[in-house]
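# Structural features, examined
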Amino acid sequence: MRAAWLLGTGLAGTLLLAACSGGGKTAAPAPAPKYSAAAAPARDERRLPRPDASTPESAYVPLTSGTQLMFLYNAWSGLPPDFERMAGESSDEYQRTSDNFRKHDLLAALTPQYQQQIADAKAHPYVLWQADWTNLQHYDMTRQGFPLNDSLLSEGGSGYMSDVRGYNFILTNSEGFRFLPVADEARAREIEALMGRTSFPIRIYAFVQGADDQGGRNVRARVVKLQILERDSGRVLIEQKAQD
């Protein structure tokens, strides 16, 4: 079953307020993931929880909105949730109104929804980050593989969603995915030939390990595996798993 916190956010972080006549975001297409080079220093990875590599792909919740990062941050930071701040970040109606009584009523209706979404985010640490394009470099004959210059995987890199700003998605083991070995020459030739006429979508299967406010509100996750896809068919061209 898909996680309730994904269903609750929808494609645009919509939160339905039956008692308050639509206090959530207006439905819109899912925001494309964004990237930033400013991220906080990584914590000691030895102390962080580790994923189960046998977890099926169906258990990974696709990240499609900034409200999901907001719920993950509040689920994993260990800090008391600031529901008023969350309402100001994710509810259009709360942002628009200057009526303090209306704000009070909206917050009262939103708070139990936020509590449920946070609890569900905590219960579903396996997440899927997807992007329509990644910067796969030409085949390295000496190393027998493809360098990958993806912003999310770069040193100090992070990702975020444009609908709710201020929450960063950071990968704790990104250095292991900046070069993708492909020993099969036939597959390497196929990928190299595709480079001249198309780009490659990317999927990153990750496990949330924690959250902190070191230089920003950061959700930290460990890559379990990464896939490079053929655009037209969605076929997996390269798959690389974490080396533990």
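Going by the structure above, here's the rest.
All values derive from a computational prediction rather than experimental measurement. By convention here, each chain's residues receive numbers from 1 onward along its written sequence. Where local features are concerned, this predicted model is filtered to residues with pLDDT of at least 70; where side-chain atom pairs are given and counted, the filter is 80 or more; whole-chain, interface and lining totals use all residues. For the side-chain quantities, the full set of heavy atoms in the structure was used; hydrogens and water were omitted.

## A short note on the overall build of the protein
Using the following cut-off: Only DSSP runs of H or I with at least four residues qualify as helices, and only runs of E with at least two residues qualify as strands; both kinds are numbered from the N terminus onward. Any residue under 20% of the maximum accessible area for its type is buried, any over 50% is exposed, and the rest in between are partly exposed; the area is computed with a 1.4 Å probe on protein chains only. Here, residues are in contact when the closest pair of their heavy atoms is within 4.5 Å. Here the open area of atoms and residues is found with the Shrake-Rupley method and a 1.4 Å probe, where only the protein chains shown may cover a residue.
A count of helices and strands for the protein gives six helices and ten strands. When the 244 residues of the protein are sorted by exposure, 52% land in the buried category. In the protein, 72% of the contacts between residues at least 6 apart in sequence involve partners at least 24 apart. Summed over its atoms, the accessible surface of the protein is roughly 12,000 Å², and 51% of this surface lies on carbon and sulfur atoms.

## Remarks on unusual backbone geometry
Phi is positive for glutamine 144, close to 60°, though the residue is something other than glycine. Note that glutamine 144 resides in the loop between strand 3 (126–134) and strand 4 (145–147).

## As for the side chain of aspartate 212
Quick reminder of the rule: We define a polar contact as two N or O atoms separated by no more than 3.5 Å, with the added condition that, inside protein, one atom must be a possible hydrogen donor and the other a possible acceptor, whereas residues neighbouring each other in sequence contribute only through side-chain atom pairs.
Inspection of the secondary structure puts aspartate 212 in strand 8 (residues 200–212). Under the relative-accessibility criterion, aspartate 212 is labelled buried at 8%. Looking at aspartate 212, its side chain comes within polar contact range of the side chain of arginine 220, at 2.5 Å.

## Things to note about helix 5 (residues 100–123)
The condition that has to hold: To estimate how far a helix should extend, the number of its residues minus one is multiplied by 1.5 Å. One axis fitted to the seven residues ending at a residue, another fitted to the seven starting there: the angle between these axes is the bend at that residue.
The terminal C-alpha atoms of helix 5, which comprises 24 residues, lie 34 Å apart, in line with the 34 Å expected from a rise of 1.5 Å per residue. Roughly 30° is the biggest bend found in helix 5, and it falls at leucine 110, with proline proline 112 one to four residues downstream. Turning to helix 5, its buried residues are Leu106, Leu107, Ala109, Leu110, Thr111, Tyr114, Gln117, Ile118, Asp120 and Ala121. Two or three places before phenylalanine 101, at the start of helix 5, stands the capping residue aspartate 99, its side-chain oxygen 2.8 Å from that residue's backbone nitrogen.

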